[in-house]
Amino acid sequence: MSLTKQNIEQLVELCKSGNQFAQLELYNRYYKAMYNVSYRIVKDSFEAEDIMQDAFLSAFTKLDTLHDTVTFGSWLKRIVINKSIYNYKKSHKYQNVPYDDVAFKMEQADDGIPSDYEYTNVKAQTVLDTLNSLKESYRVALTLHLIEGYDYEEISDIMDMSYANCRTTISRAKASLRQKLQPQVEH
């Protein structure tokens, strides 16, 4: 049977036994998505490629620690995100905004997005370009929250900040993103 017809569980089991063709098949199935995850965090094509490659090497050497082979994709994604955040922190001067020194507005239950706001007219690329123009801590926090789907607790662990500071950062990032997306009103 061709490896391209194998499901993830079968491929992971073959990889555990050292089958390099199975490793290549897993790589081919996941490398684009994992590169994109890393690139959204580090914003450097070559660095994202290195991180993605390193994540696969780590995953293949630690496959025995994966208890449920069905979760291989999410397990690999977590490795990529952790490595991306580590490299991001290492290569950037990363500063947290101290929680106690900041007056902030907590998010409302509706995430502060008015229901009548016409986001349908804003093109996805414009939103992504605007997201990329935010300061680094805002961009990373929003990417993890809105694009990667992590909750506040997971983001606070990943970014090594308190839960409250994480909520504040994401709230401010959303407000900043909304403000930059608002059409400029001329007087």
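Read on for an overview of the structure.

### Observations regarding the pattern of salt bridges
And step 1. Summed over all chains, the structure comprises six salt bridges.
And step 2. The closest approach of N and O atoms between Lys-77 and Glu-148, which form a salt bridge, is 3.0 Å. With a gap of 71 residues between them, Lys-77 in helix H4 (residues 72-91) and Glu-148 in the loop between helix H6 (136-147) and helix H7 (152-158) connect regions that are remote in the sequence.
And step 3. Look at Lys-77 and you get partly exposed, because its relative accessible area is 22%.
And step 4. Measuring nitrogen to oxygen at the nearest pair gives 2.8 Å for the salt bridge that ties Glu-136 to Arg-139. Placement of the pair is Glu-136 and Arg-139 together in helix H6, with a separation of three residues, close to one helical turn.
And step 5. On the basis of relative accessibility, which here comes to 30%, the residue Glu-136 falls in the partly exposed class.
And step 6. Shared partners join several salt bridges into a network, and the residues in it are Arg-40, Lys-77 and Glu-148.

### Examining a nonpolar patch on the surface
And step 1. A cluster of nonpolar side chains, namely Leu-128, Leu-146 and Ile-147, defines an oily patch on the protein surface of about 240 Å² accessible area.
And step 2. Locating Leu-146 in the fold gives a position in helix H6.

### With respect to the packing of aromatic side chains
By convention here, two paired aromatic rings are described through the distance between centres and the angle between planes.
And step 1. Per the stated rule, a full pass over the model turns up seven aromatic pairs.
And step 2. For the ring pair Tyr-27 and Tyr-31, a centre distance of 5.2 Å and an interplane angle of 10 degrees mean the geometry is stacked. Here the residue Tyr-27 and the residue Tyr-31 both occupy positions in helix H2 (residues 20-42), the gap between them amounting to four residues, near one helical turn.
And step 3. Residue Tyr-31 is classed as partly exposed on the basis of its relative accessible area of 29%.

### Describing the environment of Ser-74
And step 1. Inspection of the secondary structure puts Ser-74 in helix H4.
And step 2. Among the polar contacts listed, one links the side chain of Ser-74 to the backbone oxygen of Thr-71, at a separation of 3.1 Å.

### Thoughts on a negative patch on the surface
And step 1. Taken together, the side chains of Asp-151, Glu-153, Glu-154, Asp-157 and Asp-160 present a region of like negative charge at the surface.
And step 2. Assignment of secondary structure puts Asp-160 in the loop between H7 and helix H8 (163-181).

Definitions and limits used
Residues numbered from 1 in each chain as written. Predicted model: local features only at pLDDT ≥ 70, side-chain atom pairs only at ≥ 80, totals over all residues. Heavy atoms only, no water. Salt bridge = Lys/Arg side-chain N within 4 Å of Asp/Glu carboxyl O. Helix = DSSP H or I, 4+ residues; strand = E, 2+ residues; numbered from the N terminus. Buried < 20%, exposed > 50% of the residue type's maximum accessible area, 1.4 Å probe, protein only. Patch = residues over 30% accessible without salt bridge, like charges linked within 9 Å, V, L, I, M, F, W, Y side chains within 5 Å. Areas by Shrake-Rupley, 256 points an atom, 1.4 Å probe, with all protein chains shown as cover. Phe/Tyr/Trp six-rings, centres within 6.5 Å; stacked < 30°, edge-to-face > 60°. Polar contact = N/O pair within 3.5 Å; in protein donor to acceptor, adjacent residues only side chain to side chain. Lys, Arg positive; Asp, Glu negative; His and termini not counted. Charge placed at Lys NZ, Arg CZ, Asp CG, Glu CD.

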